[in-house]
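Residues per chain, in single letters:
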Amino acid sequence: MTAVAGAVREYLQYLVVERGLSANTVESYQRDLRRYAEVLAARGKTRLGDVGTADVAEFLVALRTGDEEHPPLATSSAGRAVVAVRGLHAFALKQGLATSDPARAVTPPAPPKRLPKAISVSEVERLLDAAGSTASGEPRELRDRALLEFLYGTGARISEATGLDVRDLDLSQDPSVLLSGKGGKQRFVPVGSYAVRALEAYLVRGRPALAAGRRPNGAVFLNARGGRLTRQGAWGVLGEAAGRSGISGVSPHTLRHSFATHLLDGGADIRVVQELLGHASVTTTQVYTLVTVDKLREVYAAAHPRALG
């Protein structure tokens, strides 16, 4: 019956010779597997055949809770250690060093959900004002304001905005836009009055100037040469406006996140928000409810007379 320590040595050698992993990665695996072997030895299990799924699962618990000699590991670090252990046992089974894989059923801990970044309504207004004015005579300023109003007013991805053609816009009695999202899926989204006004100002006074003397282009948002505005160009528009407004941490998805969060804060049904965002599953949209719950907690703590002792 193969010893755990011997299997660890063979596995690490395999990672170096066969897999060609970097020295830093192999060193991390070595550190994690040394600790794993020590934990098993303390339980009287020094051979692979002695190890069961419960031992692997309890090792994961030990990583997360820590002990007198080791502080608790973060989710990412504990996950890396579990990946190393799973790799060891899978390797041992494949090489005939063991007859079973006790780690197969133990999955790395899921990382905590990263809450989407949303800015407040007042910050959105500052950002939009920094992009430009609908009364401007400058074509690029009209375009920039229309672009950011459109992103916040529809929740569109930047790629959807830059891929938008004039024929996809209907700014008549019931303004709407046909967006082409991931996987070629299309959806109709209403366009709010502020975005409509900004788009009309741009389409009437800004876009013709940008397109003047160039080959006709069906794109709504044009660059300074009359071609379709790229995603990088749209990100540049957003970045410049963020810099002028003094709002930090603004990314291409910030206005989309803010669109969803502000709708839910205003009482919109999550299924409606799902459709507007073009999410295939409501589970994806539910991450925004975590943001609103945090806000509810803040309001409750500040407003209720017996919230804080």
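Just so you know, these numbers come straight off a predicted model, no measurement behind them.

Among the structural elements, Arg 187 can be located in strand β3 (residues 186-190). Judged by its relative accessible area of 9%, Arg 187 falls in the buried class. Of the polar contacts made by the side chain of Arg 187, one reaches the backbone oxygen of Leu 276; its length is 2.8 Å.

Moving on: helix α4 (residues 75-94). Taking 1.5 Å of rise per residue, 20 residues should cover 28 Å, and α4 covers 28 Å from first to last C-alpha, within 8% of that figure. Buried within α4 are the following residues: Thr 75, Ala 78, Gly 79, Ala 81, Val 82, Ala 84, Val 85, Gly 87, Leu 88, His 89, Phe 91 and Ala 92. Here the buried face of α4 lies against α1 (4-17), α2 (23-42) and α3 (53-65). Where α4 ends, the next residue or the one after it, Gly 96, has phi of about 80 degrees, a positive value.

So, on to the pairing of β3. Every second residue of β3 is oriented toward a common face, the buried set being Arg 187 and Val 189 and the non-buried set Gln 186, Phe 188 and Pro 190. Strand direction decides the pairing type here: strand β2 (residues 176-180) and β3, joined by 5 bridges, are antiparallel. Bridge pairing in β3 links Leu 178 to Phe 188. Counted along the chain from β2 to the antiparallel partner β3, the turn is 5 residues long, and its residue Gly 183 has a positive phi close to 70 degrees.

Glancing now at the packing of aromatic side chains. One pass over the full model with this rule turns up 7 aromatic pairs. Here Tyr 11 and Tyr 29 contribute two aromatic rings whose centre-to-centre distance is 6.5 Å and whose plane-to-plane angle is 40 degrees, an arrangement assigned as tilted. Here Tyr 11, found in helix α1, pairs with Tyr 29, found in helix α2; they are 18 residues apart in sequence, far enough to count as distant. Judged by its relative accessible area of 5%, Tyr 11 is buried. According to the relative accessible area criterion, Tyr 29 is buried, its value standing at 13%. One aromatic cluster in this structure is built from Tyr 11, Tyr 14, Tyr 29 and Phe 91. Taking the ring centre of Tyr 194 as reference, the NZ or CZ of Arg 197 above it sits at 4.8 Å.

Overall, antiparallel pairing links the 3 strands, which are arranged β1-β2-β3 in an open sheet. Lying at the two open borders of the sheet, with one neighbouring strand each, are β1 (169-170) and β3.

All right, on to the packing of helix α5 (residues 121-131) against helix α6 (residues 139-154) then. Packing of α5 against α6 leaves a shortest axis separation of 8 Å and a crossing angle of 155 degrees. One way to sum up the angle between α5 and α6 is to call them roughly antiparallel. The segment α5 lies against α6, with Val 121, Val 124, Leu 127, Leu 128, Asp 129 and Ala 131 engaging Glu 141, Asp 144, Arg 145, Leu 148, Glu 149 and Tyr 152. Split into classes, the residues belonging to the contact of α5 with α6 amount to 7 nonpolar, no polar and 5 charged.

Let us now look at the nonpolar core. Counting 50 residues, the largest nonpolar core has Leu 127, Leu 147, Leu 148, Phe 150 and Phe 221 as its most contacted members. Among the elements that make up this core, the one with the highest residue count is helix α8 (residues 193-211) (7 residues). Residues in contact with Leu 127, not counting those within four places in the same chain, are Ile 119, Leu 148, Leu 238, Ala 241, Ala 242, Ser 245, Ile 247 and Leu 255. Grouped together as the second largest cluster of nonpolar side chains are 29 residues, Leu 12, Val 26, Val 82 and Leu 97 included.

With that settled, the discussion passes to the confidence of the model for the protein. Taken over all residues, the pLDDT of the protein has a mean of 88, while the share at 70 or more is 93%. Put simply, helix α13 (residues 287-303) is where the protein has its lowest mean pLDDT, 69, and α6 is where it has its highest, 96.

Glancing now at the environment of Arg 271. Relative to the helices and strands, Arg 271 resides in helix α11 (residues 270-277). Linking Arg 271 and Val 282, residues 11 residues apart in sequence, is a C-alpha distance of 6.7 Å.

The next point concerns α5. When α5 is considered as a whole, its buried residues turn out to be Val 124, Leu 127, Leu 128, Ala 130 and Ala 131. All buried residues of α5 project into a common sector of 160 degrees when viewed along the axis, lining one side. Those residues of α5 hidden inside the fold are in contact with α6, α9 (231-245) and α10 (254-265). Where α5 ends, the next residue or the one after it, Gly 132, has phi of about 150 degrees, a positive value.

Turning to the pairing of β2, a few remarks are in order. Counting buried residues along β2, 4 of its 5 residues qualify, which places the element largely inside the surrounding structure. Across 2 bridges, β1 lies against β2 in antiparallel orientation. Across the sheet, the residue bridging to Leu 169 is Val 177, located in β2. Taken together, β1 and the strand that follows it, β2, pair antiparallel across an intervening segment of 5 residues.

With that settled, consider the pattern of salt bridges. Between side chains of opposite charge, a pair can form when the charged atoms approach closely. On inspection of all chains with the given rule, the structure shows 11 salt bridges. Here Arg 43 makes a salt bridge to Glu 58, at a shortest N to O gap of 2.6 Å. Linking Arg 43 in the loop between α2 and α3 with Glu 58 in helix α3, this pair joins segments that are 15 residues apart in sequence. Assessed through its relative accessible area of 41%, Glu 58 is described here as partly exposed. One salt bridge in this structure joins Arg 228 and Asp 165, with 2.6 Å as the shortest N-O distance. Of this pair, Arg 228 sits in the loop between α8 and α9 while Asp 165 sits in the loop between α7 (158-162) and β1, placing them 63 residues apart in sequence. The class for Arg 228 is partly exposed, based on a relative accessible area of 33%. It is possible to trace a salt-bridge network through shared partners that takes in Arg 43, Lys 45, Asp 55 and Glu 58.

Rules and cut-offs
- Residues numbered from 1 in each chain as written.
- Predicted model: local features only at pLDDT ≥ 70, side-chain atom pairs only at ≥ 80, totals over all residues.
- Heavy atoms only, no water.
- Helix = DSSP H or I, 4+ residues; strand = E, 2+ residues; numbered from the N terminus.
- Buried < 20%, exposed > 50% of the residue type's maximum accessible area, 1.4 Å probe, protein only.
- Polar contact = N/O pair within 3.5 Å; in protein donor to acceptor, adjacent residues only side chain to side chain.
- Expected span 1.5 Å × (residues − 1).
- Contact = heavy atoms within 4.5 Å.
- Pairing = 2+ DSSP bridges.
- Phe/Tyr/Trp six-rings, centres within 6.5 Å; stacked < 30°, edge-to-face > 60°.
- Lys NZ or Arg CZ within 6 Å of the ring centre and 35° of its normal.
- Axes fitted to C-alpha atoms, helices over the stretch in contact; angles between N-to-C directions.
- Parallel < 35°, antiparallel > 145°, perpendicular 65-115°, else oblique.
- Nonpolar A, V, L, I, M, F, W, Y, C, P; charged D, E, K, R; others polar.
- Core = buried A, V, L, I, M, F, W, Y, C linked by side-chain atoms within 4.5 Å.
- pLDDT = per-residue confidence, 0-100.
- Arc of directions from axis to C-beta.
- Salt bridge = Lys/Arg side-chain N within 4 Å of Asp/Glu carboxyl O.

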